[in-house]
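Topology and contacts: notes
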Amino acid sequence: MKRRFWLCLLCCGLLFTVAAQLDKSYRAERFDVDVQAQADGSLHVNETVTFNFVGGPFSYVFREPPTDHTDGVAGIQAGTDGVPWPNGTGPGEVEISGSNPVNVTWHLSPTSDTTQTFDLTYDLLGVVRRGEEADILDFQALPDEYEYAIDSSRVTVHFPPGGRLVAEPDIRAGDATVITEADRVTFDMQNLSPGDPLVVRLAFAPGAFTAAPPVWQAEQESQNSLAWIWFALGAIILGGGTLAFWRAGRPYLWSAPKVNTYLYKPPFELPPALAGYLANHSINWNHGLATLFDLATRGLVEIEQTREKTMFRSAEFTLTRPKQAAGLRPHEQTLMDLLFTDKNGTERESIELSEMSRLITSSRWKEYTDALKLEADQGGFADPAARERQKRLTIWGTVTALLAMPLFVAAFLMSDLFGMWTLITVGAVFLVGIIGLIIAASMSPLSAKGQQYAAAFEPFRRMLIDVARGKADLPDPTYYHAYLPYATAYGQAVQWVKDQAKSDYQAVPEYFRAAEASGAEMAAFIAVIATASSSGGSAGAAAGAAGAGTAGGGASGAG
């Protein structure tokens, strides 16, 4: 009882704390910036921000003077209402820490429902970028990030002695009223939403700034002069890596030739799942479903609709094993075990179709794929060496692509030294990995015999696909039932039965029984095909821009 009392008290305290935090807000009545461009290319900046605090209490205000595209920040002084504050971490003191970014924090006595003006003065060194036709001042007057509204803002940039503009002031981001005078330019803004930017560019006549170009510009130009090295290195990596993967996979890059003729019967007596493997070069749930329908056609599995579809529930179907089968191929026996034996080895005579995806787990599904692959190997259809080479290239492609991640981190950490040109090399490494994976996926595991059989089956496969898509007709409507397992192996099960539904042949296979009250056997058969096609999905699966490049910005806020 005592414990519940203290828990209740704690919850109440938390609720009051959250409510108090939600009942505080602030906005800037004014955010004014006065900038004096110096002859040496630096900027002397005075920021004056008047905050209106509603509720509270507020204990600090912060500002992060920007350092990007500058040679640093110096001469930082902060205060309120025109009175400088001493350095420190106590109330009435300002704390200055960090270098990139620089953090300026005004520590307040608990403050509520008041208006206060905060002053910040600092020098941005090496801001103006030298050029042959003009000296460029790119400046972001407002912070990159701020979460308060600003009622009014004025930004004034004073020119250096003798400085003159050679072009109209350019607002790169944001919206402001511009007033240009002989020695200054003013940008006025009203009713700014949180995060609204102001990025401006001023182009001065060459010679207005007398000092040497800023250090960051010289470093950037030096990095740009070496960009060709990173391009060349990236080209070597991309070309060499692609060539290496291509040469490794080339002997096994085979696909069945395209055909323009049809074959209306299988050229060889081959199980549908194995025929599908020869066409796809991989195994998925379509092959298992093709085996299921083939077994059903041979009277070893029956499918019955046990519940019709209603507005509130879907239809249900039951798979039943009417008798024990003998002489099955390994992959057929494995599928029967998957369906009619649970994880614990307990046999069952029937299974609800809705349970199939839960029963056929990824680990058990591998037993089927392994059995089918083994049959392909034993029949001489697959080349184990090709499969091993494909596996190795897949591993190497994955490793190469993943290698780009630590290289990206290293390139980012060394960007001050080499710039971002190193990302070209990182991108080349990543592309090589992706190309390697594509080549590995395109490789065929088939032997010469397997390729011969796959090519022989291609006219038959093309016929089934075109019939399913309504581009061809069957000479005998009974083929709809006979070739459903093959159409399923080729991924056309649902389209195949839908095409039959459009024909005059409306009979359903003998192994399927619709619900007694249905009267629409074909619709029920389409439903079971669609449901079965989706049941094994899990098993088959197992197989700050506006101100970029400018000085200024930073962050600002209170709390």
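Presented here is an overview of the structure given in this document. All residue numbers refer to position in the chain's written sequence, counted from 1. For a predicted model such as this one, the threshold for reporting local features is a pLDDT of at least 70, and the threshold for listing and counting side-chain atom pairs is 80 or more; totals across whole chains, interfaces and linings nevertheless cover every residue. Neither water nor hydrogens contribute to the side-chain values; these are computed over all heavy atoms in the structure.

This part covers helix α4 (residues 272–280). Because each turn of an α-helix spans 3.6 residues, side chains separated by three or four positions in sequence point in the same direction. Each residue gets one of three labels from its accessible area relative to the maximum for its type: buried under 20%, exposed over 50%, partly exposed in between, using a 1.4 Å probe on protein chains only. Think of it this way: any DSSP run of H or I at least four residues long counts as a helix, any run of E at least two long counts as a strand, and we number them from the N terminus. Judged by how many residues are buried, α4 sits mostly within the fold: seven of nine residues are covered. Three or more residues of α4 are buried, namely P272, A273, L274, A275, G276, Y277 and L278.

As a further point, take the pattern of salt bridges. Basic side-chain nitrogens of Lys or Arg form a salt bridge, by our definition, when they fall within 4 Å of a carboxyl oxygen of Asp or Glu. Here the structure, examined in full by the defined rule, presents 20 salt bridges. Where D370 meets K366, a salt bridge forms, and the shortest distance between an N and an O atom there is 2.9 Å. Of this pair, D370 and K366 both sit in helix α8 (residues 362–378), separated by four residues, roughly a single helical turn. According to the relative accessible area criterion, D370 is partly exposed, its value standing at 36%. One network of salt bridges, with partners in common, ties together R27, E29 and D151.

Let us now look at the packing of helix α12 (residues 448–468) against helix α15 (residues 493–502). Axis definition: a line fit to C-alpha positions, over the contact stretch in the case of helices; interaxial angles, taken between N-to-C directions, run 0 to 180 degrees. Contact geometry for α12 and α15: axes closest at 8 Å, N-to-C directions at 60°. Here α15 runs oblique to α12, going by the angle between their axes. For the pair α12 and α15, contact is made by L464, V467 and A468 and by Q495, W496 and D499, respectively. Just so you know the grouping, Ala, Val, Leu, Ile, Met, Phe, Trp, Tyr, Cys and Pro go in nonpolar, Asp, Glu, Lys and Arg go in charged, and all remaining residues, Gly too, go in polar. Its residues placed into classes, the contact of α12 with α15 shows four nonpolar, one polar and one charged. Here the angle decides the label: under 35 degrees means roughly parallel, over 145 means roughly antiparallel, 65 to 115 means roughly perpendicular, and every other value means oblique. Throughout, a residue-residue contact means that at least one pair of heavy atoms, one from each residue, lies within 4.5 Å.

Turning our eyes to something else, we now look at the sheet that holds strand β10 (residues 150–158). Two strands form a pair only when DSSP identifies at least two bridges running between them. Taken in spatial order, the eight strands line up as β5-β4-β8-β2-β1-β10-β13-β12 in an open sheet, and their pairing is mixed. Looking at strand neighbours, the two that pair on one side only are β5 (83–84) and β12 (177–180), the edges of this open sheet. Relative to β5, strand β4 (residues 72–80) runs antiparallel, the two sharing two bridges. Its bridge partner lying in β5, T80 is registered against V83.

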